[in-house]
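Listed below are the residues making up each chain.
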Amino acid sequence: MKTLQLFIEASHSISNSWIDSWKDKGYILGYFCTHVPEEVVYAADILPVRIRATGCSETSLADAYLSSFNCSFVRCSLEMALGKKYHFLDGVVSCNSCDHIRRGYDVWKHKVGIPYKHFLQVPRIINDEALGTFRHEIGGMKESLEEYFNIDISEEKLRESINVYNDVRKLMKELYGTRKNGSPKISGSEFMSVITASTAIPKHQLKLLLNQLLNELVDREGHSNYRARLMIVGSFLDDPNYIQIIENLGGLIVADALCYGSRYFWDLVEEKGDPINNLAERYLKKVPCARMIGEHDNRIKYVMDTVKEFDVDGVVFQRMKFCDFWGGECFMFRRELKERGIPFLELEREYILSGVEAMKTRVQAFLESIEARRL
Ligand code: SF4
């Protein structure tokens, strides 16, 4: 599985060989959160790379600026930035995805010394007015990039970028769909490696790699020796090792509702009509994050539809400590999935993997409870 190995290796580090070769010829922009329309950056021939903090083991530098009540992903990514681990970035785009990210960006702005910085206001409700505001914001980001990097982002380039991103989304959805059958050819941790690595690979190359991977999987023997089919939902999660812990105990992750998962590729951008408007539509109306007000029913519906389609036995809700949005959502999910008779496991975590033995005990008990239901 040569191609799968490439993805797994690339997911283990914030940089990779594609970034290195791109650096020789062009600019690289880091971005926080899947509400940032990457297509605009890519249409400028700039490589968008999603900010991860893979490899962070402590936060002594960041703790000088952010309290321990801040999300540990935000603290870890700041730690990596202050430690010059993002030396390959020419700029960063952040947004008001949550107050932790917003606060983190305030520090990046003044303490990280990255040349280009832009902050995108993303509405938290979906209506015509919000759509208009977001359309304006995306247009503003485009102009800001054109001005700072002295480039012209033509409508043709935007359409081309939207087209290649949609092609990649279709391939990711095809790969995701292979996990519906009884013996999925790719495990949950492997799938997360693919998606995580994908956010730092140029989309034209990624398209070729995903086609290669799909071909490689055809002859692969599927995963059949598992105890339960699980779906994982909740906060920011970019660590395949976290999922591997659950899978080593027999809980195969066959589906998710994560931003480093199906929520990254589920929705396509309309290719007819005004590209900026179509980007605003897609990025505002995509499968909703818990930050979106008034969208709880849509989040539950997405999970319940997936539970049916992927024949899921139980839902694992992982949430980052102090993550307000997903903390609140977890409370409602627990009650509603219980009412629907769906086994539910809530796990609190930090960005840096810890408390693994306690986690194993919880997962073990959860799997036993699912097996007991079958008796
Ligand atoms: S995990 Fe929660 S608190 Fe952390 S960045 Fe994401 S939404 Fe914000």
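Structural data are supplied above this passage.
Residues numbered from 1 in each chain as written. Predicted model: local features only at pLDDT ≥ 70, side-chain atom pairs only at ≥ 80, totals over all residues. Heavy atoms only, no water.

## Quick look at unusual backbone geometry
The residue Asn150 is not glycine, and still its phi comes out positive at about 50°. Looking at the secondary structure, you find Asn150 in the loop between helix H6 (128-149) and helix H7 (155-177). For Phe322, which is not a glycine, the phi torsion comes out positive at approximately 70°. Note on Phe322: relative accessible area 30%, which makes it partly exposed. (Helix = DSSP H or I, 4+ residues; strand = E, 2+ residues; numbered from the N terminus. Buried < 20%, exposed > 50% of the residue type's maximum accessible area, 1.4 Å probe, protein only.)

## Thoughts on the site of the ligand
Around the ligand, the neighbouring residues are Cys71, Cys98, His100, Ile101, Ser235, Phe236, Met320 and Cys323. When atoms are counted within 2 Å of each cavity's grid points, the one that captures over half of the ligand is the largest cavity. Grouping the constituent residues of the shell around the ligand by class yields six nonpolar, two polar and no charged. (Near = heavy atom within 4 Å. 1 Å grid on protein atoms, 1.4 Å probe; cavity = no way out; pocket = protein on both sides within 12 Å on 5 of 7 lines; lining within 4 Å. Sits in = over half its atoms within 2 Å of the grid points. Nonpolar A, V, L, I, M, F, W, Y, C, P; charged D, E, K, R; others polar.)

## A word on helix H12 (residues 275-285)
Of all 11 residues that make up H12, eight are buried, and the element is covered over most of its length. Within the span of H12, buried status applies to Pro275, Ile276, Asn278, Leu279, Ala280, Arg282, Tyr283 and Leu284. Structurally, H12 contributes buried residues whose contacts are with helix H3 (38-42), H6, H7 and helix H11 (262-265). (Contact = heavy atoms within 4.5 Å.)

## What to know about empty space enclosed by the protein
Applying the stated criterion across every chain, the model contains five cavities of 30 Å³ or more. Looking at the largest cavity, its volume works out to about 340 Å³. The set of elements that each furnish at least two residues to the lining of the largest cavity consists of helix H4 (72-82), helix H5 (99-111) and helix H14 (324-339). With three residues, H14 is the largest single contributor of residues to the lining of the largest cavity. A per-class count over the lining of the largest cavity returns 17 nonpolar, five polar and four charged. (Points joined across faces, edges and corners; volume = space filled by probe spheres on them.)

## Section: the sheet that holds strand E3 (residues 91-95)
Think of a sheet as strands paired side by side through backbone hydrogen bonds, with each pair either parallel or antiparallel. Across the sheet, four strands lie side by side as E2-E1-E3-E4; this open sheet has parallel pairing. At either end of the open sheet lies a strand with only one pairing partner, and these are strand E2 (47-50) and strand E4 (116-120). Sheet twist, expressed as the mean angle between neighbouring strand axes with direction ignored, is 25°. With four bridges joining them, strand E1 (residues 28-31) and E2 adopt parallel strand pairing. Of the residues in E2, the one forming a bridge with Leu29 is Pro48. (Pairing = 2+ DSSP bridges. Axes fitted to C-alpha atoms, helices over the stretch in contact; angles between N-to-C directions.)

## What to know about the pairing of E1
The two faces of E1 match: Ile28 and Gly30 on one face and Leu29 and Tyr31 on the other face are all buried. Taken together, the three bridges between E1 and E3 define a ladder with parallel strand orientation. Residue pairing across strands places Gly30 opposite Val92, the latter belonging to E3.

## With respect to the pattern of salt bridges
Scanning all chains against the criterion turns up 24 salt bridges. With a shortest N-O distance of 2.7 Å, Glu39 and Arg169 are connected by a salt bridge. Here Glu39 is found in helix H3, whereas its partner Arg169 is found in helix H7, with 130 residues between them in sequence. According to the relative accessible area criterion, Glu39 is buried, its value standing at 0%. Note that Arg340 is salt-bridged to Glu336, the shortest N-O span being 3.9 Å. (Salt bridge = Lys/Arg side-chain N within 4 Å of Asp/Glu carboxyl O.)

## Brief notes about helix H9 (residues 203-218)
Here H9 is 16 residues long and its end C-alpha atoms lie 23 Å apart, about the 22 Å a rise of 1.5 Å per residue gives. Those residues of H9 not exposed but buried are Lys203, Leu206, Leu209, Leu210, Leu213, Leu214 and Leu217. Viewed end-on, H9 has its buried residues packed into an arc of 140°, placing them on one side of the element. Set apart from the buried face of H9 by more than 90 degrees, the exposed residues are Leu208, Asn215 and Val218. Looking at the packing, one finds that the buried side of H9 touches helix H1 (2-11), helix H2 (17-23), H3, H7, helix H8 (188-198) and H11. (Expected span 1.5 Å × (residues − 1). Arc of directions from axis to C-beta.)

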